[in-house]
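The residues making up each chain are set out below.
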Amino acid sequence: MSDPEVVVEVASGLMRSAGYEPALFQQQAWRAYAEGRSGLVHAPTGTGKTLAAWLGVVAEGVLEGRRGEGEGGRGSSEPLRALWVTPLRALANDSLRSLARPMEAAGLSGDGGWTAELRTGDVSSSVKKRQRKRLPTVLVTTPESLTLLLSYGDARDLFATLRLVVVDEWHELMGTKRGTQTELALARLRRWGRERGRRLRTWGLSATLGNIEESARCLVGVDRAGRVRSHRVVKGPSEKAVKLDVLLPESIERFPWAGHMGLTMVGPVVERIRSAQTSLVFTNTKAQCERWFEAIIKFDPLLIGRVAIHHGSLERELRERVEGMLAAGELAAVVCTSSLDLGVDFPAVDRVMQLGSPKGVGRLIQRAGRSGHRPGGVSEVVCVASHAFELMEFSAARAALSAGRVEPREPLAAPLDVLAQHVVTCAAGGGFVAEALLAEVRTAASYSVLTEEQWGWVMDFAARGGAALGAYPEYQRIKAQGERWGIATPAIERTHRMTIGTITGDAVVTLAYVSGRKLGTVEESFVGRLKPGERFVFAGRLLEFVRLREMTAQVRPAKGKKATVPRWGGSRFPLSTRLADSGLARFGEFDDGVVADEAMASMRPLLALQREVSRLPRRGELLIERVRLRDGDHYYLYPFLGRLVHEGLGALISHRLTSSAERSLVVNVNDYGIELSSPDAVELADDEWRAVLAEEGLLEDLLACMNTTVLARRAFREVARVAGLVVPGFPGMRKSGRHLQASSEMFFDVLTEFDPGNLLLKQAEREVLERQLEVDRLRAALVGLDHRPIVRVEVDRLTPLSFPLWADRLRAETVSSETWEARVRRAAAELDAM
């Protein structure tokens, strides 16, 4: 091992030769690496985290080359030294370029013997076949591809010379099943290194974490005695300069409503695009991305060819073409989703635009960091509200940014579907001794408290399918071979390799022209509603649906104006606790006569009307409005806890109110509040509100009021897929989403009846409570509400805060021949005239 101070000196020299002065945090990271330590580098985007993690390795290689200590020898190929794990395949090429440049500058490439390659799902089979015999010096890969490598019988030898694993964008993996999959892979690699007398160093990179120390502990894991491994947290500059500008509308709706995606702001957005070199225009959903791309081109046809679209459902070739043009500075703007959130470096990007609230401080920081992506650079983000109340969210985000209040990422606790998959991977990857694998698994932080009962159940599930599936050979995936366990059959081994991973989602179909040229993917549920001849917009193209054939939606170019836009699920972000709390503070400041910024100043007519008709919500109290409309009584509660918590809270309140008296209630929620409507008068005193908002009996009442069986049935689809119960199919033989749903539902019913103690069923129920209903956040909220004063206001009309809830509920109702949008606009105009 090289002298740490010499490593720092060499790395600093390499950086200075590239024209940059090394930062203190980079030198700290190089020193810690040279000392053999693991840890986490936490620094704002664009300040040099990649170099902090990588130049120490390069400097070590330079010093070993001088001493003739390299494991490959001068002029020969240097064996595997480092793994660079990235959460997205789209980042892999950029990461490879970022790692290769210092290698070339240091003379390690070429005759130096160092090589750098990719291994992702996009890499050709010939390259993968070659890598199976010998890996490059540094391999850039994803959690799924790394796990796949671990499933081969010679994996232990393949990783014999590994010294370092860097997990890029760790905040994107932590708290997800992909994160626990990564933790299990790291635990295996650490054990193999320890058995060969080599200490594996693990480093994570992150820019947006509210719980940095906990994140570092999750990454480095624990030792065999259950103690957190020694590690170092290296922090970069406390903050990077972020210029946050809010694009203000000419006029403010006093009764705002969601649903129009902010398209009225297309003119000012185009002006900002024209005034920058290159802009990334972020949206929160793919449908919004498609609509805005279309609107920008229609507003200014001169931008055709200079503005592109990028989201995860586009064909990879199209995405890569856009990324290449971005890197070359050939585009004025790209309208995109989270597909460009993460660490791809596009130096030409000097402005980021956020269309609609990002719903979280960390997400806004991440996106802002795509501009000024260089040490000392300033990140510029222009925020555009899709409705008036989002101006408050932008103002709140600015305050949270200034205070450094970023959302934490909570780790998962022992998801057994991921562990079941890992057990089969280890059986295929050379086999294992059960006791030794259990000890190894427990060194992964997410599984450090795994019980003997849970481990025994997972082993039984992998060996014979559990109590209900023992008669079916295809679910007997591992078998005992003496004291070791191995894979049951070659066929099961092949099937398992094709299904490795934890990424699941709604069923999609390929979108292609009749000629065969692929465009991307759309959800099966959307295509299922189309009739031949119907038109829709995708990637800015107007298409006509022809037919659905073998999971491919065939289309042809179309002409005309009227068309729909596909809707993709899973992309609506709930308001984060940090942003909601900051928003309430902004309302309180305004109520006290303090106008924080121009965004809040622009909301003055709206907020003044809210205060005149009712009052403004504030920290430390719960505002409840009551209004009698033609269709009955309406209560509006404003906890400001986000959509997911409000869904659970609304169902809970409704259940408790209808249990205590015969009432008919309809519940509707958004990020700010909850609407309870009834055709009859509902009279509630303060003590009755206290009773329905009590924390006592929360779990029991939630299970009684929410159709948790239906919700768990949906969650079980993902659990069954990850655990290996449901196989999505092979290339050319892909099962439809309906087939997958039917299969998971069949298993759900069978296990519920014949194996009710099945831990995968329990996990599905737990995921519904924790992820879909956010029961922990709900419980904490109820405890907090118990100490808040309840402020009840009787109003004679809808208020600016209640109007969006009323309008959203109206969408689901039948409204004669009048469209929902027309009725909402008319109602807003009538209220505004009062």
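Residues numbered from 1 in each chain as written. Predicted model: local features only at pLDDT ≥ 70, side-chain atom pairs only at ≥ 80, totals over all residues. Heavy atoms only, no water.

### Topic: the nonpolar core
Core analysis: the biggest nonpolar cluster contains 81 residues, and Leu419, Val423, Trp455, Trp689, Phe716 and Leu725 have the highest contact counts within it. Of all the elements, helix H16 (residues 416-428) adds the most residues to this core, at nine residues. Beyond its immediate chain neighbours, meaning those up to four positions away, leucine 725 contacts Phe461, Leu469, Tyr475, Phe716, Ala720, Phe747, Leu751 and Leu760. Ranked by size, the runner-up nonpolar core spans 65 residues in total, among them Phe346, Ala385, Ala599 and Ala827. (Core = buried A, V, L, I, M, F, W, Y, C linked by side-chain atoms within 4.5 Å. Buried < 20%, exposed > 50% of the residue type's maximum accessible area, 1.4 Å probe, protein only. Helix = DSSP H or I, 4+ residues; strand = E, 2+ residues; numbered from the N terminus. Contact = heavy atoms within 4.5 Å.)

### So, the side chain of histidine 311
Position of histidine 311 among the secondary structure elements: in the loop between strand E10 (307-310) and helix H13 (316-327). Taking relative accessible area as the criterion, histidine 311 reaches 0% and is therefore assigned buried. Reaching out from histidine 311, the side chain makes a polar contact with the side chain of glutamate 290 at a distance of 3.0 Å. (Polar contact = N/O pair within 3.5 Å; in protein donor to acceptor, adjacent residues only side chain to side chain.)

### Thoughts on helix H18 (residues 452-464)
Between the first and last C-alpha of H18 there are 18 Å, a value that for 13 residues agrees with the 18 Å anticipated at 1.5 Å per step. Taken residue by residue, H18 has Trp455, Trp457, Val458, Met459, Phe461, Ala462 and Ala463 as its buried positions. In the segment just after H18, glycine 465 is the residue with positive phi, at about 80°. (Expected span 1.5 Å × (residues − 1).)

### A closer look at the packing of aromatic side chains
Within this structure, the stated rule accounts for eleven aromatic pairs. When the ring of phenylalanine 389 is compared with that of phenylalanine 587, the centres are 6.5 Å apart and the planes differ by 85°; the resulting orientation is edge-to-face. Here the residue phenylalanine 389 occupies a position in helix H15 (residues 389-403), and phenylalanine 587 occupies one in helix H21 (residues 577-591), the gap between them amounting to 198 residues. Phenylalanine 587 matches phenylalanine 389 in its accessibility class, with the two residues each being buried. With a centroid separation of 5.2 Å and 10° between ring planes, the pair formed by tryptophan 457 and phenylalanine 461 is classed as stacked. Pair noted here: tryptophan 457 and phenylalanine 461 are both in helix H18, with a separation of four residues, about one helical turn. With relative accessibility at 2%, the residue phenylalanine 461 sits in the buried group. (Phe/Tyr/Trp six-rings, centres within 6.5 Å; stacked < 30°, edge-to-face > 60°.)

### Looking at the pattern of salt bridges
Tallied over the entire structure, the rule returns 55 salt bridges. One salt bridge connects arginine 611 with aspartate 591, and the closest N-O pair in it is separated by 3.3 Å. You can see arginine 611 sitting in helix H23 (residues 604-613) and its partner aspartate 591 sitting in helix H21, a full 20 residues away along the chain. Among the residues examined, arginine 611 registers a relative accessible area of 35% and is labelled partly exposed. Assessed through its relative accessible area of 23%, aspartate 591 is described here as partly exposed. Salt bridges sharing common partners tie together Glu60, Glu64, Glu78, Arg81, Arg163 and Arg201. (Salt bridge = Lys/Arg side-chain N within 4 Å of Asp/Glu carboxyl O.)

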